[in-house]
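Coordinate analysis (summary)
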Amino acid sequence: MRWRGRQQSSHVEDRRGDTAGYSAAGAGGMMLLRFLPALLRSKVGRTVLILAVVVVVGARFMGIDLLPMLLGTSVSTTQSPRELSAADQELVAFVSVVLADTEQTWNEQFAALGGRYREPTLVLFSGRVNSACGLASAAVGPFYCPADQQVYLDLSFFHDLKTRFAAPGDFAQAYVIAHEVGHHVQTLMGISDKVRQAGQGRSQATVNALSVRQELQADCFAGVWGHAAHTERQMLEAGDLDEALNAASAIGDDRLQRQAGGSVVPDSFTHGTSEQRVRWFRRGFDSGEIRACNTFDANPL
């Protein structure tokens with residue numbers, strides 16, 4: 001890809017190295033610790049402590065953390081200092097350029113439809129991360145959270161893409177980012193809400209089938225971005241398209257199930273087969289049009 005020297009997005013948030021915890025106990029906390037032995041010896045004291053625990057736990061269930069107030073502490077987030085290698089700096093720059101290019105594509109696409117594109121934030125994390133969709137580990141891979149409209153990416157996934165999935169290349173990595181941005185597009189267009197509503201009270205097989213159509217549409221949207229990056233900004237080089245198609249094929253449900261040593265169970269698919277993922281990315285790439293990505297009316301997929 002010809003990405004170096006291009007505009008970078010300002011919507012990349014680097015949370016790698018972030019740690020969260022409580023600060024040292026303040027006066028209230030020290031007072032509580034000082035009198036704790038006496039409280040434990042007293043029946044009334046033990047009752048008070050039990051009630052305090054019940055109140056704190058109950059508040060946590062309602063999303064309120066009373067522990068800092070009880071101990072006289074505060075919740076803090078710190079970032080461990082780290083030096084980025086030249087390779088790491090280049091990878092962050094690459095991600096920022098790809099995100100900026102998706103922003104240009106989708107701003108133009110939404111404007112053509114008379115709408116306005118709200119650009120998502122891409123959060124870089126390492127190991128695990130808190131999102132509005134809950135705590136997630138790097139094992140889940142890149143993901144989009146519609147609740148906070150943010151894309152989450154542990155850069156180690158790109159190593160897995162190359163080694164575990166045998167899908168190397170910068171455009172393969174760009175496809176991954178563009179796919180998650182495709183889910184953001186679905187959220188803005190109201191598609192994600194419709195999918196959730198359609199799956200309420202339905203069987204797991206039906207929910208999975210809806211998920212497949214949603215994921216394949218995100219692949220197609222990634223292809224729409226790829227079309228613009230190639231035809232309008234000449235970012236692609238020889239072999240780049242094959243890298244993305246190889247990546248799409250590598251993470252098909254059928255291929256992953258075979259690699260895991262199990263049987264291929266179509267009813268359990270949530271993302272689509274290798275063939276389907278390649279086909280829908282290619283459809284978006286060849287057409288460059290949102291209307292070509294209606295996976296929900298397509299039969300067969």
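Just so it is clear, the structure is predicted and the values come from calculations on it, not from any experiment.

A word on the state of the cysteines. Throughout the structure, instances matching the rule amount to two disulfides. Disulfide pairing is shown between cysteine 133 and cysteine 145; the S-S distance is 2.1 Å. With the S-S bond torsion at 95°, the cross-link from cysteine 133 to cysteine 145 turns out right-handed. In this pair, cysteine 133 sits in the loop between strand S5 (128–131) and strand S6 (134–137) while cysteine 145 sits in strand S7 (residues 143–145), placing the two residues twelve residues apart along the sequence. Residue class for cysteine 145 comes out buried when judged on its relative accessible area of 0%.

Covered by surrounding structure in strand S8 (residues 150–153) are Gln150 and Tyr152 together with Val151 and Leu153, the residues of both alternating faces. Note: strand S4 (residues 121–124) against S8, four bridges, orientation parallel. Looking at S8, one finds that leucine 122 is bridged to valine 151. Pairing between S7 and S8: three bridges, direction antiparallel. The residue of S8 that forms the bridge with cysteine 145 is glutamine 150.

With that settled, the discussion passes to the side chain of serine 131. Tracing the backbone shows serine 131 in strand S5. On the accessibility criterion, serine 131 (14% relative accessible area) is buried. At a separation of 3.0 Å, a polar atom in the side chain of serine 131 contacts the main-chain amide nitrogen of cysteine 133.

Turning next to the side chain of threonine 105. Relative to the elements of secondary structure, threonine 105 occurs in helix H4 (residues 86–112). Not counting the four nearest positions on each side in its chain, threonine 105 is found in contact with Val224, Trp225, Ala228 and Arg233.

What follows covers the packing of aromatic side chains. Tallying each qualifying case throughout the model produces eight aromatic pairs. A ring pair is formed by tryptophan 106 and phenylalanine 221, whose centres lie 5.5 Å apart and whose planes are at 70°; its orientation type is edge-to-face. Taken together, the residues span a long stretch of sequence, with tryptophan 106 in helix H4 and phenylalanine 221 in helix H8 (residues 204–231) at a distance of 115 residues. By relative accessible area, which is 1% here, tryptophan 106 ends up buried. Aromatic side chains phenylalanine 143 and tyrosine 152 sit 4.8 Å apart centroid to centroid with 10° between the ring planes, which places their arrangement in the stacked category. Judged on exposure class, the residue phenylalanine 143 and its partner tyrosine 152 are both buried. Across the ring face of tryptophan 280, the terminal group of arginine 283 is positioned such that the distance to the ring centre comes to 4.0 Å.

Negative phi is the rule for most residues except glycine; trans is the rule for most peptide bonds. The omega angle of the peptide bond from asparagine 299 to proline 300 is 5°, so this bond is cis rather than trans. Looking at where proline 300 falls in the secondary structure, it is placed in the segment after helix H11 (274–287). A positive phi is found at glutamine 149, a non-glycine position, where the angle reads about 55°. Positionally, glutamine 149 belongs in the loop between S7 and S8. Residue glutamine 149 is classed as partly exposed on the basis of its relative accessible area, which comes to 24%. Positive phi, close to 50°, is recorded for glutamine 234, a residue that is not glycine. Within the element layout of this structure, glutamine 234 appears in the loop between H8 and helix H9 (240–250). For glutamine 234, a relative accessible area of 44% corresponds to the partly exposed category.

Calculation notes
Residues numbered from 1 in each chain as written. Predicted model: local features only at pLDDT ≥ 70, side-chain atom pairs only at ≥ 80, totals over all residues. Heavy atoms only, no water. Disulfide = S-S within 2.5 Å. Helix = DSSP H or I, 4+ residues; strand = E, 2+ residues; numbered from the N terminus. Buried < 20%, exposed > 50% of the residue type's maximum accessible area, 1.4 Å probe, protein only. Pairing = 2+ DSSP bridges. Polar contact = N/O pair within 3.5 Å; in protein donor to acceptor, adjacent residues only side chain to side chain. Contact = heavy atoms within 4.5 Å. Phe/Tyr/Trp six-rings, centres within 6.5 Å; stacked < 30°, edge-to-face > 60°. Lys NZ or Arg CZ within 6 Å of the ring centre and 35° of its normal.

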